[in-house]
Amino acid sequence: MALRYAVSDGIATITLDRPERHNAFTFEMIADWADALTRAQDDDDVRVVVLTGAGTAFCSGVDLDSLAEVDPTPLGKRTMLTRRIHKVAFAVEALDKPLLCAINGAAIGAGLDMALMCDIRFAGESARISEGYVKVGLVPGDGGCHYLPRLVGTARALELLWTGDVLSAAEALSYGIVSRVYPDDELMPQTLAFARRLADGPPVALGLIKRAVYQGLRANDLRTSLDLIASHMGVVTATADSAEAMAAFREKRRPTFTGC
């Protein structure tokens, strides 16, 4: 298997596992990747999902050897994206649970796009990122033009997209692309520790917060966002986890959440 999926104590980990090819993805990997995200969404025992790569790279994008099987016509190339590679983006969009990305090494082109889809990104000190499509005369095929401006603003996104410049982990942190940078050997322990904090939280509330944030970005008006959050509040306050959180706060103890 070129992609590993494992669940332990409420945390699902998706590991891209082609280190000899810097975790460049094949179409088979894409199908497994989308399936893993769907499994995580459908599994009530999964509270948080972590994405990372094996070896010294996160993901170097699509394996160019895979493109040999693609219909070379314009329609064939478009279909390759919409019916195959974009499955991951849509599976991410359907995921109500926190999705964390541990960028261990290079995240290039579509590899960076895949990281940008995640809710929060952490990076190892050796991480290097680039939207390098322009250097081979291409446009970002997996959402870079959608995700990057929302993280760094239009002008800075265009700078990175137009130049294909490579950013260090420290530069990615200063741009707001990653939230934290750790020594390489601490990246996964620190990412999993953060995942543990979220996994111990109230899952219904976490999921509704995630939906409210992303829907608020799309809504563009205050009334729609507040109407949505009013409905979410009505739902979340009716859960057992909400009552447990309130009781634990008053009793000055650690709450125990069941997900309902």
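Residues numbered from 1 in each chain as written. Predicted model: local features only at pLDDT ≥ 70, side-chain atom pairs only at ≥ 80, totals over all residues. Heavy atoms only, no water.

Peer 1: I tried to follow the sheet that holds strand 6 (residues 106-108) on my own but got confused; where do I start?
Peer 2: Where strands meet in a sheet, backbone hydrogen bonds hold them as pairs that are either parallel or antiparallel. Taking strand neighbours across the sheet as the criterion, the four strands line up as 4-6-8-9 in an open arrangement whose pairing is mixed. Bordering the open sheet on either side are strand 4 (57-59) and strand 9 (167-168), each of which pairs with just one other strand. As paired elements, strand 8 (residues 128-130) and strand 9 share two bridges and run antiparallel to each other. Note on strand 9: the bridge partner recorded for Arg 128 is Ser 168. (Pairing = 2+ DSSP bridges. Helix = DSSP H or I, 4+ residues; strand = E, 2+ residues; numbered from the N terminus.)

Peer 1: When you look at the sheet that holds strand 7 (residues 120-124) in this model, what are you seeing that I'm missing?
Peer 2: An order of 1-2-3-5-7-10 is seen for the six strands of this open sheet, with the pairing classed as mixed. A single partner strand is all that each edge strand has here, and the edge strands are strand 1 (3-8) and strand 10 (180-182). Averaged over all pairs of adjacent strands, the angle between their axes in this sheet comes to 20°, without regard to strand direction. Sheet topology places strand 3 (residues 48-53) next to strand 5 (residues 99-103); three bridges connect them, and they run parallel. Residue Leu 51 lies in a different strand from strand 5, and its bridge partner there is Cys 101. (Axes fitted to C-alpha atoms, helices over the stretch in contact; angles between N-to-C directions.)

Peer 1: Looking at this structure, how should I read helix 10 (residues 222-236)?
Peer 2: The periodicity of an α-helix, 3.6 residues per turn, causes residues three or four places apart in sequence to face the same way. Across its 15 residues, helix 10 extends 21 Å between first and last C-alpha, which sits within 8% of the 21 Å expected from 1.5 Å per residue. Its side-chain oxygen placed 3.4 Å from the backbone nitrogen of Arg 223, Asp 221 serves as the N-cap of helix 10. (Expected span 1.5 Å × (residues − 1). Polar contact = N/O pair within 3.5 Å; in protein donor to acceptor, adjacent residues only side chain to side chain.)

Peer 1: Looking at this model, I keep getting lost on the side chain of Asn 23. Mind explaining?
Peer 2: For Asn 23, the position within the fold is in the loop between strand 2 (11-16) and helix 1 (27-42). A polar atom in the side chain of Asn 23 sits 3.3 Å from the backbone oxygen of Phe 58. Once residues lying within four places of it in the same chain are set aside, the contact partners of Asn 23 are Leu 16, Asp 17, Arg 18, Met 29, Gly 53, Ala 54, Ala 57, Phe 58, Cys 59, Ser 60 and Gly 61. (Contact = heavy atoms within 4.5 Å.)

Peer 1: Is there a simple way to think about the pattern of salt bridges in this case?
Peer 2: If the charged atoms of two oppositely charged side chains come close together, the side chains can form a pair. Evaluation of the coordinates by the stated rule reveals 12 salt bridges. For the salt bridge of Asp 96 with Arg 211, the shortest nitrogen-to-oxygen distance reads 2.4 Å. Here Asp 96 is found in the loop between helix 3 (87-93) and strand 5, whereas its partner Arg 211 is found in helix 9 (residues 203-219), with 115 residues between them in sequence. Note on Asp 96: relative accessible area 29%, which makes it partly exposed. The structure contains a network of salt bridges with shared partners spanning Asp 9, Arg 196, Asp 200 and Arg 254. (Salt bridge = Lys/Arg side-chain N within 4 Å of Asp/Glu carboxyl O. Buried < 20%, exposed > 50% of the residue type's maximum accessible area, 1.4 Å probe, protein only.)

Peer 1: What is the right way to read unusual backbone geometry from this model?
Peer 2: The phi torsion of most residues other than glycine is negative, and most of the peptide bonds are trans. Even without glycine at this site, His 22 takes up a positive phi of about 55°. Note that His 22 resides in the loop between strand 2 and helix 1. Residue Lys 252 is not a glycine yet carries a positive backbone phi of 55°. Looking at the element boundaries, Lys 252 is found in the segment after helix 11 (240-251). Exposure remark for Lys 252: the relative accessible area of 77% places this residue in the exposed category.

Peer 1: Which parts of the structure should I look at to understand the packing of helix 9 against helix 10?
Peer 2: Describing two packed helices takes the angle between their axes plus the distance from one axis to the other. Helix 10 packs onto helix 9 with a crossing angle of 170° between their chain directions and a minimal axis gap of 10 Å. Relative to helix 10, the element helix 9 is oriented roughly antiparallel. Along its contact with helix 9, which presents Val 204, Ala 205, Leu 208, Arg 211, Ala 212, Gln 215, Gly 216 and Ala 219, the element helix 10 presents Thr 224, Ser 225, Leu 228, Ile 229, His 232, Val 235 and Val 236. When the residues that make up the contact of helix 9 with helix 10 are grouped by side-chain class, the tally is nine nonpolar, five polar and one charged. (Parallel < 35°, antiparallel > 145°, perpendicular 65-115°, else oblique. Nonpolar A, V, L, I, M, F, W, Y, C, P; charged D, E, K, R; others polar.)

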